[in-house]
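Residue strings, one per chain:
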Amino acid sequence: MYSVNVPVPGRVRQLADQLYPSLVGFETVREDHSCLLKRLGEAPHVSQLQRRAHRALEGAPAVEAQITGIDYFEDPPLGSAPVVYLAVESPGLESIHGQLLAEFDCVEGLEGDDYVPHVTLARGGNLETAQQLADRDIEPVTWTVTELEFWDGAYKLPVSRVSLPA
């Protein structure tokens, strides 16, 4: 599965690292952090998906994003629950998500009106622990998103990047 992801700055990774001791009881703790923007699906050649995404992203500007807190999905549509994440507030990213929806099919329950920008920290743990994490106050982290990554889910690697003009 290919996707378009938002790389996060070092300050977000540092925040995730600081929270790591509170996440060790979860089944899976993410070590690489990004914000999924849109699933693109499969294609025999990633270049086909990239061309379509480039067309959809044409003219998309750099946007502001902010980590505003810790939250969780109690009953996610896929995978083990709960999912603990850093909440991302960004009308600009939501707008770009909408642009990509005009070119790529919506994954029901995960995208479109159900899209919640976030950076996953951990999944498959105790609900009470997730609730306690969500009650913690954190310092907001604000950054400008100036590029997006095309992500190869099979290899868990970015295959290319696209710049968003300032």
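Placed above this text is the structure.
Notes on the structure in this doc start here.

Reading guide: rules and limits
- Residues numbered from 1 in each chain as written.
- Predicted model: local features only at pLDDT ≥ 70, side-chain atom pairs only at ≥ 80, totals over all residues.
- Heavy atoms only, no water.
- Core = buried A, V, L, I, M, F, W, Y, C linked by side-chain atoms within 4.5 Å.
- Buried < 20%, exposed > 50% of the residue type's maximum accessible area, 1.4 Å probe, protein only.
- Helix = DSSP H or I, 4+ residues; strand = E, 2+ residues; numbered from the N terminus.
- Polar contact = N/O pair within 3.5 Å; in protein donor to acceptor, adjacent residues only side chain to side chain.
- Contact = heavy atoms within 4.5 Å.
- Salt bridge = Lys/Arg side-chain N within 4 Å of Asp/Glu carboxyl O.
- 1 Å grid on protein atoms, 1.4 Å probe; cavity = no way out; pocket = protein on both sides within 12 Å on 5 of 7 lines; lining within 4 Å.
- Points joined across faces, edges and corners; volume = space filled by probe spheres on them.
- Nonpolar A, V, L, I, M, F, W, Y, C, P; charged D, E, K, R; others polar.

**Here's the deal with the nonpolar core**
Counting residues in each nonpolar core, the largest one holds 45 residues, and the members touching the most others are Ile67, Leu86 and Leu148. Here the element with the most residues in this core is helix H1 (residues 10-23); it accounts for five residues.

**Notes on the side chain of His33**
Locating His33 in the fold gives a position in the loop between strand E2 (28-29) and strand E3 (34-41). When its relative accessible area of 10% is taken as the criterion, His33 is described as buried. A distance of 3.2 Å separates a polar side-chain atom of His33 from the backbone oxygen of Arg30. Contacts of His33, omitting those with residues within four sequence positions, involve Val8, Arg13, Ala16, Val119, Thr120 and Leu121.

**Thoughts on the pattern of salt bridges**
One pass over the full model with this rule turns up six salt bridges. Note that Glu103 is salt-bridged to Arg55, the shortest N-O span being 3.8 Å. You can see Glu103 sitting in the loop between helix H3 (91-101) and strand E6 (118-123) and its partner Arg55 sitting in helix H2 (residues 46-57), a full 48 residues away along the chain. Glu103 sits in the partly exposed class, given a relative accessible area of 26%. A salt bridge links Glu147 to Arg161, with the shortest nitrogen-to-oxygen separation between them at 2.5 Å.

**Some thoughts on the environment of Ala60**
Inspection of the secondary structure puts Ala60 in the loop between H2 and strand E4 (63-73). In this structure, the C-alpha to C-alpha distance between Ala60 and Phe150, residues 90 residues apart in sequence, is 15 Å. In this structure, Ala60 is in contact with Ile96, Gln99, Leu164 and Pro165, ignoring residues within four places of it in sequence.

**Focus: the layout of surface pockets**
Taken as a whole, the largest pocket spans an internal volume of roughly 1,100 Å³. Lining the largest pocket are 37 residues; nearest its centre among them are Arg30, Leu36, Arg39, His118 and Thr120. Among the elements of the structure, strand E1 (2-7), E3, E6 and strand E8 (147-152) are those that each provide at least two residues to the lining of the largest pocket. Sorting elements by how many residues they give to the lining of the largest pocket places E3 first, with five residues. Looking at the lining of the largest pocket residue by residue, the classes come out as 16 nonpolar, eight polar and 13 charged.

Taken by themselves, the reported measurements are silent on function.
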